[in-house]
Amino acid sequence: MNIQNTTPKPQVDAETLIIGTGFSGLGLAVILEREGTRDYLMLERGQDVGGTWRDNHYPGAGCDVFSHLYSYSFRPNPHWSRTYSKQPEILKYLQDTAKDEGVYPKVRFGTTVTRAEWIEEDGLWQVETNNGTYRARALVSATGHLSDLAMPDIEGLESFGGKMMHSSQWDHDYDYTGKRVGIIGTGASSIQIAPEIAPDVSHLTVFQRTAPYIVPRRDEAYSEAQKGMFERFPEMLQDFRKELFWGNESRFPQRLQIPAFLAQIQEMSRGHLEAQVADPELREKLTPPYSVGCKRILISNEYYPAIQRENVTLETTGIARIDETGVVLTDGSHVELDMLILATGFEATELPIAEVIYGKTGRLSDQWENGGQAFACTSVHGYPNFFMMLGPNTGLGAGSMIYMVETQIEYIRGALEYLFESGKIIEPDREAQEAYVKSIHDRAERTVWITGGCQSWYLHPRSGKLTAIWPDYMSQFRKENGTFATKGYMVRDVT
Ligand code: N01
């Protein structure tokens, strides 16, 4: 590239502002830190780094992706304690990363973005926060899919007089021992919470709307010898990571549209249910009514045993409303509760951050009324010098999000290098963006996420399009979106 810096720099607080310090924003910051040539600041509404792993500390919280894949390839951790890590270990990994890589001083904590606007005449982003205004030439949104909780739309929710908490806002000061507890939802969060609290509560009612598919969790501690080996021979750890990645890539994720493969997973899940649940009536209730893979496949050895405890009820009658003392069911019966846990997920389909981002063509959430759309899954027509990590079609039905994050880090790193060495402004071309988004939706049409007969957070509620997750192999995501190039962008000077 023939790069000339001809543009006078307007007054800015940093070349780049990054919103969010979870896995994606932090990873980008580490790479910029290590490069040492880029000037950036991070805005974080919380009081520490860690994103979803800072917020989700409910009892039993952990990850269902292999620890050695659920960590940065540029910062491998030979000391992971087990196959699947628990939340405290992941959060510590992120905190240690921020500390060791010198990122903490660049973060403005307790800073919530209320409006980010592209100022065309100055060629910069002006970002309003509760802590004042920041200006930067480039804006990176790295707020993830799971940062804003989703409250269920149930009549009378606010009238509940007991203790109520969403799974992502756990109050550890509340002692649930001996209490009558209800939990709404049976997704990944709920099936971790239920087995953990069931032995301590007087009674637990699990309100299930849709049964999930669950497969066995093959989880074990790494021995000291294994950890020592990974530490002494980093190349062995990298090989192990590759093995895990390609095993995952070839077995699981985007091949879910292949009938024989679906049947195999379905059988594994049915076998797990049959092995763990003897009562045919209960088994029937726990059998999902949609094709396997349409919603996230969960992994647990503890959930089905917990459901069969004497002090646990799986309630499949619908919820009519909530009143001061508990839950009223559609058959008129009433479940008395001291505590109500809402394990009802996140605003993952319509990302709340899009409501505060204003480009040349207005508010991003208005542009995305029918679902998120981005060129290379990262930049948006009408929003110059703007990059979104974990925006449209970057989630995964299965696989490691860190691979997706690292792909976007490299893309954005390249884009920032181009921007700041050339002094230009870039924005994806409308036609290029439309063609790219069409190629994604064409691929999605054949997948179980669309054809599997369920309504998941992967699908946009109004358009029915697959907008949250990537419909192809992870390696294909990297092939298409891993290296920045100006093709597909309109490039111009600051006016
Ligand atoms: O949320 P979810 P989550 N009345 O959206 C039910 C990641 N994660 O927090 O299926 C009754 O999956 C809803 O029912 P239905 C992972 O990416 C990972 O559990 O819509 N029920 C569903 O059962 C995951 O996908 C890990 O019919 C209502 C549940 O609430 C994402 O986070 C651990 C309802 C929501 O499930 C979100 O998982 C935790 C209502 N009005 C999370 N509204 C691991 O890695 C919603 N529901 C292990």
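Not measured: the values here are computed from a predicted model.

Participant: Please explain the side chain of His68 as it appears in this structure.
Facilitator: With respect to the secondary-structure elements, His68 resides in the loop between helix 2 (52-55) and helix 3 (87-100). A relative accessible area of 1% places His68 in the buried class. Contacts of His68, omitting those with residues within four sequence positions, involve Asn77, Pro78, Trp80, Tyr222, Phe230, Leu237, Phe240, Arg241 and Leu244.

Participant: Help me out: how do you make sense of helix 1 (residues 23-35) in this one?
Facilitator: An α-helix turns once per 3.6 residues; consequently, residues spaced three or four apart project the same way. Between its terminal C-alpha atoms helix 1 stretches 18 Å, which fits the 18 Å expected from 13 residues at 1.5 Å a residue. For helix 1, the buried fraction is high: ten of the 13 residues fall into the buried class. Listing the buried residues of helix 1 in full gives Phe23, Ser24, Gly25, Leu26, Gly27, Leu28, Ala29, Val30, Ile31 and Leu32. Following helix 1 by one or two positions, Gly36 has its phi on the positive side, about 75°.

Participant: Where do I start with the sheet that holds strand 13 (residues 319-323) in this structure?
Facilitator: One key point about sheets: their strands pair by backbone hydrogen bonds, in either a parallel or an antiparallel sense. The sheet built from three strands is open, its strands ordered 13-14-15 with antiparallel pairing. Pairing within the sheet leaves two strands with one partner each, and these edge strands are strand 13 and strand 15 (334-336). Adjacent strand axes in the sheet meet at a mean angle of 20°, parallel and antiparallel pairs treated alike. Pairing of strand 13 with strand 14 (residues 326-329), which is carried by four bridges, proceeds in the antiparallel orientation. When the bridges of strand 14 are listed, Ile322 appears paired with Val327.

Participant: In this structure, what is going on with the site of the ligand? I would like to understand it.
Facilitator: Near the ligand there are 23 residues, and of these Thr186, Ser189, Arg209, Thr210 and Lys295 occur at the shortest range. In the model, an oxygen atom of the ligand is placed 2.9 Å from a nitrogen or oxygen of the Thr186 main chain. Here an oxygen atom of the ligand sits 2.4 Å away from a polar atom, N or O, in the side chain of Thr210. Protein chains bury 84% of the 920 Å² of accessible surface belonging to the ligand in isolation.

Participant: Just to check I follow, could you spell out the nonpolar core for this structure?
Facilitator: Side chains of a nonpolar character, in soluble globular proteins, are inclined to be buried together. Ranked by internal contacts, the top residues of the largest apolar core, which has 80 residues, are Phe23, Val103 and Phe387. A per-element tally of this core places helix 11 (residues 401-422) first, with 13 residues. Filtering out sequence-adjacent residues up to four positions away, Phe23 remains in contact with Trp53, Tyr70, Ser71, Tyr72, Ile90, Tyr93, Leu94, Ile402 and Val405. The next biggest cluster of nonpolar side chains, apart from the first, holds 30 residues, and it includes Met165, Trp170, Met339 and Ile341.

Participant: Explain the sheet that holds strand 7 (residues 163-166) here, please?
Facilitator: Taken together, the five strands give an open sheet; going across it, the order is 7-16-8-9-12, and neighbouring strands pair in parallel fashion. Looking along the sheet, the strands with just one partner apiece sit at the ends: strand 7 and strand 12 (312-315). In this sheet, neighbouring strand axes are inclined to one another by 15° on average, regardless of whether the strands run parallel or antiparallel. Relative to strand 9 (residues 203-207), strand 8 (residues 180-184) is paired through five bridges, and the arrangement is parallel. When the bridges of strand 9 are listed, Ile183 appears paired with Val206.

Participant: When you look at the side chain of Ser85 in this model, what are you seeing that I'm missing?
Facilitator: Considering the arrangement of structural elements, one finds Ser85 in the loop between helix 2 and helix 3. Ser85 gets classed as buried once you look at its relative accessible area, which sits at 2%.

Participant: What exactly am I supposed to notice about the packing of aromatic side chains here?
Facilitator: One pair of aromatic rings is described through two measures. These are the centre distance and the angle between the planes. Considering all chains together, one arrives at 26 aromatic pairs under this definition. Ring geometry for Phe23 versus Tyr93: centroids 6.3 Å apart, planes at 35°, classification tilted. Of this pair, Phe23 sits in helix 1 while Tyr93 is found in helix 3, placing the two residues 70 residues apart along the sequence. Assessed through its relative accessible area of 8%, Phe23 is described here as buried. For the ring pair Tyr222 and Phe230, a centre distance of 6.4 Å and an interplane angle of 80° mean the geometry is edge-to-face. The exposure classification of Tyr222 matches that of Phe230, with both residues buried. Taken together, the ring pairs connect Phe23, Trp53, Tyr70, Tyr72, Phe74, Trp80 and Tyr93 into an aromatic cluster.

Participant: Just to check I follow, could you spell out unusual backbone geometry for this structure?
Facilitator: Even without glycine at this site, Asn385 takes up a positive phi of about 50°. Mapping Asn385 onto the fold places it in the loop between helix 10 (364-367) and strand 19 (386-388). Look at Asn385 and you get buried, because its relative accessible area is 0%.

Participant: Hey, could you run me through the pattern of salt bridges in this one?
Facilitator: Pairs can form between side chains of opposite charge once their charged atoms are near each other. Applying the stated rule across the entire model yields 32 salt bridges. Arg38 is the salt-bridge partner of Glu15, the closest N and O atoms lying 3.1 Å from each other. One end of the pair, Glu15, is in strand 1 (residues 14-19); the other, Arg38, is in the loop between helix 1 and strand 2 (40-44), with 23 residues separating them in the sequence. Comparing Glu15 with Arg38 shows no difference in burial state: the two are buried. A salt bridge links Asp493 to Lys424, with the nearest nitrogen and oxygen atoms 2.8 Å apart. Pair noted here: Asp493 is in strand 21 (residues 489-493) and Lys424 is in strand 20 (residues 424-428), with a separation of 69 residues, a long-range link. Residue Asp493 is classed as partly exposed on the basis of its relative accessible area, which comes to 38%.

Quick notes on the rules
- Residues numbered from 1 in each chain as written.
- Predicted model: local features only at pLDDT ≥ 70, side-chain atom pairs only at ≥ 80, totals over all residues.
- Heavy atoms only, no water.
- Helix = DSSP H or I, 4+ residues; strand = E, 2+ residues; numbered from the N terminus.
- Buried < 20%, exposed > 50% of the residue type's maximum accessible area, 1.4 Å probe, protein only.
- Contact = heavy atoms within 4.5 Å.
- Expected span 1.5 Å × (residues − 1).
- Pairing = 2+ DSSP bridges.
- Axes fitted to C-alpha atoms, helices over the stretch in contact; angles between N-to-C directions.
- Near = heavy atom within 4 Å.
- Polar contact = N/O pair within 3.5 Å; in protein donor to acceptor, adjacent residues only side chain to side chain.
- Areas by Shrake-Rupley, 256 points an atom, 1.4 Å probe, with all protein chains shown as cover.
- Core = buried A, V, L, I, M, F, W, Y, C linked by side-chain atoms within 4.5 Å.
- Phe/Tyr/Trp six-rings, centres within 6.5 Å; stacked < 30°, edge-to-face > 60°.
- Salt bridge = Lys/Arg side-chain N within 4 Å of Asp/Glu carboxyl O.

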